[in-house]
Structure formats: structure tokens, C-alpha cells
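# Structure at a glance
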Amino acid sequence: MSMSSSPTTRRIDLKGLVQFILHPRQVFEAILGQKKPAWLTPMLTLSLTLLLSTIVTGFLRARSAAMGEVSLPVDWQWWSSEMQNNYMQAVQATQSPVFLYIIPAIIGLVGLWLGWGILSGLLHLASTLLGGRGSLSSALNIVSWGTLPLALRDILRIVYMLFAGHPIRSAGLSGFITGSEGGVLFLANLFESLDIFLVWQILLLVLGLSILDNLPRGK
């Protein structure tokens, strides 16, 4: 793949994102030919989708609270009046923009960027122990591009929340399931720990290591 057609020759190239989803090997090979940092585009994309998901979630939660739709504890009827009043006051306090938007956005961004650095360091260490020839810079590139499936997950969640009119309440794929019937509840519990985007990310990390760090897939 010639560098003239590389999707990552520029610091920010949105077309490279689409090409990576369709042909990840080509993008990893292009990054290998550049021998320079290429993590800016995917990391900014992940940050943007995270912020959009946070904004939509906060808006829907604020709307639900304004309409009086508050999730009450299971044993609510057994609480004393004072405990119920304290609970409702606490719920109202968390409906401010600081709790709905700012704090979740800061926590999400810190987790994203800090997790990127930590995972890259661990991946580079593991690759070195297994005989890989890559550098920390290549590990940063691998993790940033390999994490792009999580951006698609954010986009899917945003679309679902806008159509459903309520935020996703559960982890994994169970958040897309509503209802409390026996069969539905079973599926929710089954899908709670299932995240196909995380599996996709792991496969991309393996592919990136095999290309950028010249590490056999068997290792």
C-alpha cells in the first residue's frame, strides 16, 4: 500500500476511520510504513462519541426527572418519611448540569485517555516479553485504532436512546432490552456481560500486534 493513498498520512483524516473499519489490516500496514505517531484521529473520535453519548444520556435523564419518572428503591414502601424525603432531595440534587454532564464527561474522558496509556504500556510490555519488535509508540497506535469499535458502540447507543426516549440503564447488550418478563429477564442477564464490541477490539489488538510489532498470532 503506497503512502500516497494511506489513510493516515495526515494528522486528522476522517476517511481513514471508515477505511479502518472496512480494512483494518491496510491501515495498520500504512501506520507501519510511516513509523510515526498516528493516534490522534482515533482518540479524538473516541472522545467526541463519548461526549455525545454523555450529553444525550444527561438530557434524557433530566427530561425523565422533570416528568416525575424517578426510579425508586425496591423496598421504598418500607422506608420512613424522613428517609424518603432525603432520597428525593438527593435525586433532585443530582439533576443539575454538573452531575448530568460535566462530571460524567470528565470521568469518561479521564478514563478513556488514562486507560489508553495504561493499556498501551501493558501491551508493549507483553509484546516485548513475547519477542515483539515494536515500540511504545506502536503500542499507542495499536490501542488507539483498535479501540475504535467502542466509538461505534457509542454511536449505536446514541441512536437507540434518541429513538427509545430513555437512557440505557444496563451494561453490555442488556441495556437494549426492556421488560421484566421471565424470558426477557433471562436475556438481559445473559447479555449483561456480553459486549461484541469488546471482542472486536481484542481481535483488532491481536491483528495490530502481529503487524506493527511483528509478533506471531500464536504468541
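Scope of this entry: the structure provided in the associated data block.

## Remarks on the nonpolar core
In this structure, Phe-20, Phe-28, Ile-31, Leu-46 and Trp-145 are the most contacted members of the largest nonpolar core, which totals 27 residues. Of all elements in the fold, only helix H1 (14-22), helix H2 (24-34), helix H3 (40-66), helix H5 (97-129), helix H6 (136-146), helix H7 (148-164) and helix H9 (196-212) reach the threshold of two or more residues within this core. Sorting elements by how many residues they give to this core places H9 first, with seven residues. In this view, Phe-20 contacts Val-27, Phe-28, Trp-145, Gly-146, Leu-148 and Leu-204; residues no more than four positions away in its chain are not counted. In this structure, Val-56, Ile-158, Tyr-160 and Met-161 belong to the second largest nonpolar core, which totals six residues.

## Looking at the packing of aromatic side chains
In the structure shown here, the tally under the stated rule is five aromatic pairs. Seen from their ring centres, Phe-20 and Phe-28 are 5.3 Å apart, and the 85° between their planes marks the pair as edge-to-face. Taken individually, Phe-20 and Phe-28 each receive the classification buried, so the pair is uniform in this respect. Plain terms: the ring middles of Trp-113 and Trp-116 are 5.5 Å apart, the flat faces sit at 90° to each other, and that makes the pair edge-to-face. Placement of both Trp-113 and Trp-116 in helix H5 is noted, with a separation of three residues, approximately one turn of the helix.

## Some points on the layout of surface pockets
Of the pockets and cavities examined, the largest pocket occupies roughly 520 Å³. Lining the largest pocket we find 20 residues, and of these Ser-53, Thr-54, Thr-57, Asp-154 and Arg-157 sit closest to its centre. Among the secondary structure elements, those contributing two or more residues to the lining of the largest pocket are H3, H5 and H7. Ranked by the residues each element gives to the lining of the largest pocket, the list is headed by H3, at seven residues. Looking at side-chain class alone, the lining of the largest pocket contains 10 nonpolar, six polar and four charged residues.

## Some words on the side chain of Ser-144
Among the structural elements, Ser-144 can be located in helix H6. Residue classification places Ser-144 among the buried residues on the basis of a relative accessible area of 0%. Here Asn-141 takes part through its backbone oxygen, which lies 2.8 Å from a polar atom of the side chain of Ser-144. Apart from the residues within four sequence positions on either side, Ser-144 is in contact with Trp-39, Pro-42, Met-43, Leu-46 and Trp-116.

## Focus on the packing of H2 against H9
At a minimum axis distance of 10 Å, the contact between H2 and H9 shows a crossing angle of 40°. Classed by the angle they form, the pair H2 and H9 counts as oblique. Judged by the twist between their axes, the crossing of H2 over H9 is right-handed. Facing Pro-24, Arg-25, Phe-28, Glu-29, Ile-31 and Leu-32 of H2, the residues of H9 in contact are Leu-204, Leu-207, Gly-208, Ile-211 and Leu-212. For the contact of H2 with H9, a count of residues per class yields eight nonpolar, one polar and two charged.

## Some thoughts on H9
The end-to-end C-alpha separation of H9 is 24 Å, in line with the 24 Å expected for 17 residues at 1.5 Å each. Contact partners of the buried residues in H9: H1, H2, H5, H6 and H7. A positive phi of about 50° marks Asn-214, the residue just after H9.

Thresholds, definitions, all that
- Residues numbered from 1 in each chain as written.
- Predicted model: local features only at pLDDT ≥ 70, side-chain atom pairs only at ≥ 80, totals over all residues.
- Heavy atoms only, no water.
- Core = buried A, V, L, I, M, F, W, Y, C linked by side-chain atoms within 4.5 Å.
- Buried < 20%, exposed > 50% of the residue type's maximum accessible area, 1.4 Å probe, protein only.
- Helix = DSSP H or I, 4+ residues; strand = E, 2+ residues; numbered from the N terminus.
- Contact = heavy atoms within 4.5 Å.
- Phe/Tyr/Trp six-rings, centres within 6.5 Å; stacked < 30°, edge-to-face > 60°.
- 1 Å grid on protein atoms, 1.4 Å probe; cavity = no way out; pocket = protein on both sides within 12 Å on 5 of 7 lines; lining within 4 Å.
- Points joined across faces, edges and corners; volume = space filled by probe spheres on them.
- Nonpolar A, V, L, I, M, F, W, Y, C, P; charged D, E, K, R; others polar.
- Polar contact = N/O pair within 3.5 Å; in protein donor to acceptor, adjacent residues only side chain to side chain.
- Axes fitted to C-alpha atoms, helices over the stretch in contact; angles between N-to-C directions.
- Parallel < 35°, antiparallel > 145°, perpendicular 65-115°, else oblique.
- Left-handed = near helix turned anticlockwise from the far one by under 90°.
- Expected span 1.5 Å × (residues − 1).

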